[in-house]
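In case you want the letters, here they are:
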Amino acid sequence: MKLNINTLLLATTLLITSPGMLPLAQAADAAVATVNGKPIKQSLLDFIVKDAGSRGQKIDDNTRSIIVSKLISNELVYQEAQRQGLDKQSDFIAKEELARRELLVNAYLQDYLKKNPVSEADIKSAYEKFKTEVGDKEYSARHILVGTEAEAKDIIAQLAKGGDFAKIAKEKSKDTGSKDKGGDLGWFSPGGMVKSFGDAVVKLQKGLYTTVPVQTQFGWHVIKLEDIRDAQPPTYDKVKDNLQKQLQQRQLEKLLTDLRAKAKIVDNSATPAKN
């Protein structure tokens, strides 16, 4: 794995510019270098090395020297920015506060997930539900997406008179991803589509199209089913990581909901500002 020194240094930017975030125990740590009498703490270098190690990266003595050189360059620019008073500007202060908040929020969320891991049983349960949603069939279909129900009904009327589905799709569909292919969506699982769209596909017979427009958040669809085939859902090992991330996301959403429920929140954003 190639070491990206700039990325590692970016991770320490707040530590360099916000010494108040460092634990008191680090206040007296050794200086790996000094710039105009200002120390660059050994703890910063140690953090970069540790972070690299956690990512599977290896740092030799030459790389350490490069990192120290980068830290010195950053310190030079940092001091010059201070000399020009950029750290006193309101925009910088606001950005710094937002960055500090985001850093702490991310640290808390990572710690929360570490202390509340998703169990293997939960992932396997999610997989069984996933298999049910995916089903054992795949469908090949075309669709024509338009902005209004009236447009969709007009297209259905044209099809009833013998209109060519692919040709109409090329002319009128708003779906840029499929219109040039005559509305062809390829093979897909209904569970992977918006529910109203997937439900409509399952009800169709091969070769037929929907005689009633199907509405989704994208607009109004006319759908034609081309073919059906048997399908096997992805194996557990193939989707395990994604399922785990989905479950973790739900955990975090519940955490936020619970925190909101316990908090006293006053939102003044809709109140007109006084001149």
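Preceding this paragraph is the structure being described.
Bear in mind that the values here come from a model prediction, so they are computed numbers and not experimental data.

1. Remarks on the pairing of strand β2 (residues 38–41)
- Bridging between strand β1 (residues 31–35) and β2 involves four bridges; their strand directions are antiparallel. From the neighbouring strand, A33 faces β2, where its bridge partner is I40.
- What sits between β1 and β2 in their antiparallel hairpin is a turn of two residues, with N36 showing a positive phi close to 55°.

2. Observations regarding the packing of helix α7 (residues 149–160) against helix α8 (residues 165–172)
- At a minimum axis separation of 10 Å, α7 and α8 run at an interaxial angle of 150°. By the angle between their axes, α7 is roughly antiparallel relative to α8. Between α7 and α8 lies a crossing whose hand is right-handed. Residues D154, I155, Q158 and L159 of α7 form the contact with α8, whose own contacting residues are F165, I168 and K172.
- Classifying every residue of the contact of α7 with α8 by side-chain character gives four nonpolar, one polar and two charged.

3. Regarding α8
- Along α8, the residues classified as buried are F165, I168 and A169. With its buried residues spanning 105° around the axis, α8 presents them on a single face. Exposed and oriented more than 90 degrees from the buried face of α8 are K167 and E171.
- Elements that come into contact with the buried residues of α8 comprise β3 (137–146), α7 and β6 (219–230).
- For α8, the side-chain oxygen to backbone nitrogen distance between the N-cap and A166 is 3.2 Å, and the N-cap itself is D164.

4. Section: the packing of aromatic side chains
- This model, assessed by the stated rule, comprises four aromatic pairs.
- Centroid distance Y127 to Y236: 5.4 Å. Interplanar angle 75°. Geometry classified as edge-to-face. In this pair, Y127 sits in helix α6 (residues 120–134) while Y236 sits in helix α10 (residues 236–262), placing the two residues 109 residues apart along the sequence. Each member of the pair, Y127 together with Y236, is buried.
- These aromatic residues form a ring-pair network of at least three members: Y127, F130 and Y236.
- Geometry around W187 places R229 over its ring, the cationic atom sitting 4.1 Å from the centre.

The rules we used
- Numbers given to residues run from 1 along each chain, matching the order in which its sequence is written.
- Thresholds applied to this predicted model are a pLDDT of at least 70 for local features of residues and 80 or more for the giving and counting of side-chain atom pairs; totals over whole chains, interfaces and linings are not thresholded and use all residues.
- Side-chain metrics in this entry use all non-hydrogen atoms of the structure; hydrogen atoms and water are not considered.
- At least two bridges found by DSSP between two strands are what make those strands a pair.
- Counting from the N terminus, the helices are the DSSP runs of H or I reaching at least four residues and the strands are the DSSP runs of E reaching at least two.
- Here the axes come from fitting lines to C-alpha atoms, over the contacting stretch only for helices, and the angles between their N-to-C directions go from 0 to 180 degrees.
- Any angle that falls under 35 degrees is termed roughly parallel, while one over 145 is termed roughly antiparallel, one within 65 to 115 roughly perpendicular, and all others oblique.
- Left-handed is the label given to a crossing in which the near helix is rotated counterclockwise from the far helix by less than a right angle, and right-handed is the label when the rotation is clockwise.
- Should any heavy atoms of two residues lie within 4.5 Å, those residues are considered in contact.
- All amino acids are sorted into three groups, where Ala, Val, Leu, Ile, Met, Phe, Trp, Tyr, Cys and Pro are nonpolar, Asp, Glu, Lys and Arg are charged, and the leftover types, Gly among them, are polar.
- Accessibility here uses a 1.4 Å probe with only protein chains present; expressed as a share of the type maximum, an area under 20% marks a residue as buried, one over 50% as exposed, and anything in between as partly exposed.
- Note that the arc is computed from the directions linking the helix axis to the C-beta atoms.
- Pairing of N or O atoms within 3.5 Å defines a polar contact, subject to two protein rules: one partner must be a possible hydrogen donor and the other a possible acceptor, and residues neighboring in sequence count only if both atoms are side-chain atoms.
- Any pair of Phe, Tyr and Trp rings, taking the six-membered ring for Trp, is counted once the centres come within 6.5 Å. Such a pair is stacked with planes under 30 degrees apart, edge-to-face with planes over 60 apart, and tilted for the rest.
- Counted as over-ring charges are cases with an Arg CZ or a Lys NZ within 6 Å of the ring centre that also lie within 35 degrees of the ring normal.

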